[in-house]
Amino acid sequence: MADSILIIGGGASGLMCAIQLAKNGKSVTVLEKNERVGKKLLATGNGKCNLTNINITYKDYNTSLVKDILNEFSPQRIIEEFAQMGLLTKADAEGRVYPYSESAGSALNVLLRRLDEYGVKIICDALVEKVMPCNGKWKAMTSKGEFVGDSVVFACGSNATSGLDSLGIMANLGHKVVPFRYAIAPLLCDGVKGANGVRAKVYAGIYINGEFAMGERGELLFKDDALSGILAFRLSSALVRVGDKVEDCKVKIDFVPDMQEQKLADFIYYNGSVYNPLEGILHKAISYNIISRIPMDRSLIMSRKKANDVAKACKNFQVNIHGVGGRSNAQVACGGVALDELNMRNLQSKLHGGLYCIGESVDVDGLCGGCNLHWAWASAMAVSKDLI
C-alpha cells in the first residue's frame, strides 16, 4: 500500500481526503495554487456552507454511476464524520445541512485543525503544471519545485467562480475529459420588469425544446435580466446537462402553488380589486407583470372571465430563458474527467495505477442544495478508504 500521497488541490475534497489518509498513518502533501486552502469552501451556501442534504439520492446527480459511493458514504455518515472533528450541524426544513453556526468558517476551521493535528504538509502558491509516473511513483512538477509520492489524487475542482481549469493535467495522462460548463447559476431571461430583488415562493418547471425537464417548489429571486435563488440554481443544472442541443427553453411559474386554479379564480372574483386583482396576493411588481400579459377586458368590472384569466396567468407565467450565468456567477461546473476510465467504487484510474480523481474534477455534478459538497466529501472518503 502507498505510504506517501500527493493531493493536487486544497479544496473541500482534497482536504477531506488528506485528513482521512493522514489519520491512518499516511504521509500526505497537499499542493494548492492559491495562497491558502479552502478558499472556495468559504463561499459555499452563501457563506453558510451547505455540507450535505439528508434527502440526497443518486437521482440528484447527472449519472447513476455515483450510486455505490453514495450508498456507502451517506449524508448521515458525513454528518457523523464532521461531528467527530468537532463540528455541530443542523438541518433546515428542506433537508439542507449546515454548520450550527451557519458559517463556512466553522467548517473550514475544524478541517484545518485536523490537518495540523495529523501533520499534513500543505504547500500553497504551488501551481501544478504536470503530473507523471516516475519509477513506480508519481511526480508533480509545480511552480515551487517537484514533489514525489507513491500515489496522487487529482482534486483540482473546476474553473467555476475563482477556480482554475486543470483538466489538461489528466488529458496529458491519456484520460478523456469533458469540457467544463457552468451550472448552479442564474437563468438568463427577458426579465420581469420592475421586480429586481423581489423574492417569491413558487412552483417552477423548466421546459427544454418543448419538453418538461424538471420542476420543484422553492424560492425564486428576480433580477433585471435573470432568475436567481435556490430554485433557479437547481433548474439551471437541468439546462446545462443538455449541452449545446438547446433550441428553446422556458420556465413556467406557478405563483400560488398552494391553491388550485379554480379556487384562486373564485377568490379573485369575490374579493379581488378591479384595479389590481392580485394586489392582496402577490408583490406589486409581480402582479403587474402578470396582468400586463393578459388580453382581457380592462373595464372596472370584475367578471367571471376576468377572474379566470387572471388566475390562469398567475399559475402559468412563462419566462423565456436565454442561457445560464457565466463563470463568475456559477457555483459549480458540469464536466470533468470522464467516468468510463475510472473505477466508480474507488475512483482510481483504469489507465494508471495509483492515480485517483475526486470532487468536482470528475464528471459528476449534483443539484443545488448540498449535493455537490456531499460528493466532494463522499468521493474523498471513497479514495482514502482504498489507499489506507
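Conventions used here
Residues numbered from 1 in each chain as written. Predicted model: local features only at pLDDT ≥ 70, side-chain atom pairs only at ≥ 80, totals over all residues. Heavy atoms only, no water. Helix = DSSP H or I, 4+ residues; strand = E, 2+ residues; numbered from the N terminus. Buried < 20%, exposed > 50% of the residue type's maximum accessible area, 1.4 Å probe, protein only. Contact = heavy atoms within 4.5 Å. Salt bridge = Lys/Arg side-chain N within 4 Å of Asp/Glu carboxyl O. Pairing = 2+ DSSP bridges. Axes fitted to C-alpha atoms, helices over the stretch in contact; angles between N-to-C directions. Phe/Tyr/Trp six-rings, centres within 6.5 Å; stacked < 30°, edge-to-face > 60°. Lys NZ or Arg CZ within 6 Å of the ring centre and 35° of its normal. Core = buried A, V, L, I, M, F, W, Y, C linked by side-chain atoms within 4.5 Å.

Undergrad: Help me understand the environment of Ile230 in this model?
TA: Relative to the elements of secondary structure, Ile230 occurs in helix H6 (residues 229–240). For Ile230, a relative accessible area of 34% gives the class partly exposed. Apart from the residues lying within four places of it in its own chain, the contact partners of Ile230 are Arg96, Glu219 and Cys368.

Undergrad: Explain the pattern of salt bridges here, please?
TA: Side chains that differ in sign of charge can pair as their charged atoms come close. Evaluated as defined, the whole model comprises 23 salt bridges. Taking the shortest distance from any N to any O, the salt bridge between Glu94 and Arg96 comes out at 3.2 Å. According to the relative accessible area criterion, Glu94 is partly exposed, its value standing at 47%. According to the relative accessible area criterion, Arg96 is buried, its value standing at 14%. Between Arg217 and Asp258 there is a salt bridge; the shortest N-O distance is 2.7 Å. With Arg217 in strand E14 (residues 211–222) and Asp258 in the loop between strand E16 (249–254) and helix H7 (261–271), this residue pair connects regions lying 41 residues apart in the sequence. Several salt bridges share partner residues, and in doing so they unite Glu35, Arg36 and Lys39 into one network.

Undergrad: When you look at the sheet that holds strand E6 (residues 121–123) in this model, what are you seeing that I'm missing?
TA: Hydrogen bonds between backbone atoms are what pair the strands of a sheet, whose relative direction is either parallel or antiparallel. Taken together, the 5 strands give an open sheet; going across it, the order is E6-E2-E1-E10-E19, and neighbouring strands pair in parallel fashion. The open sheet has two free edges, formed respectively by E6 and strand E19 (355–357), since each of these has just one partner strand. Strand after strand, the sheet turns through a mean of 20° between neighbouring axes, direction not considered. Across 3 bridges, strand E2 (residues 27–31) lies against E6 in parallel orientation. Note on E6: the bridge partner recorded for Leu31 is Ile123. Strand contacts of helix H10 (residues 371–387): strand E1 (4–8), strand E10 (151–154) and E19, with the helix running at about 160° to E19, the strand carrying the most contacts.

Undergrad: Teacher, can you tell me more about the packing of aromatic side chains here?
TA: For any pair of aromatic rings, the description consists of the separation of the ring centres together with the inter-plane angle of the planes. If you walk through the whole model with that rule in mind, you get 5 aromatic pairs. Arranged with centres 4.9 Å apart and planes meeting at 75°, the rings of Phe82 and Trp377 form a pair that is edge-to-face. Linking Phe82 in helix H3 (residues 75–85) with Trp377 in helix H10, this pair joins segments that are 295 residues apart in sequence. This pair shows no difference in class: Phe82 is buried, exactly as Trp377 is. Their ring planes at 65° and their centres at 5.6 Å tell us that Phe255 and Phe317 sit as a pair that is edge-to-face. A residue pair is termed long-range when its members are at least 10 positions apart, and Phe255 in the loop between E16 and H7 and Phe317 in strand E17 (residues 317–324) qualify at 62 residues. Three or more aromatic residues joined by ring pairs form one cluster here, namely Phe222, Phe255 and Phe317. It is Lys48 that lies over the ring of Tyr98; its NZ or CZ is 4.6 Å from the centre. The positively charged end of Arg304 is found above the aromatic ring belonging to Tyr269, 4.4 Å away from the centroid.

Undergrad: How should the nonpolar core be read in this particular structure?
TA: Within soluble globular proteins, side chains that are nonpolar generally end up buried alongside one another. With 132 residues, the main nonpolar core has Ile7, Phe82, Phe222, Ile253, Phe255, Ile290 and Trp377 as its most contacted residues. The element that contributes the greatest number of residues to this core is H10, accounting for 11 residues. Dropping the residues within four chain positions of it, Phe222 is found in contact with Val192, Ala195, Asn196, Gly197, Val198, Ala200, Leu227, Ile253, Phe255 and Ile286.

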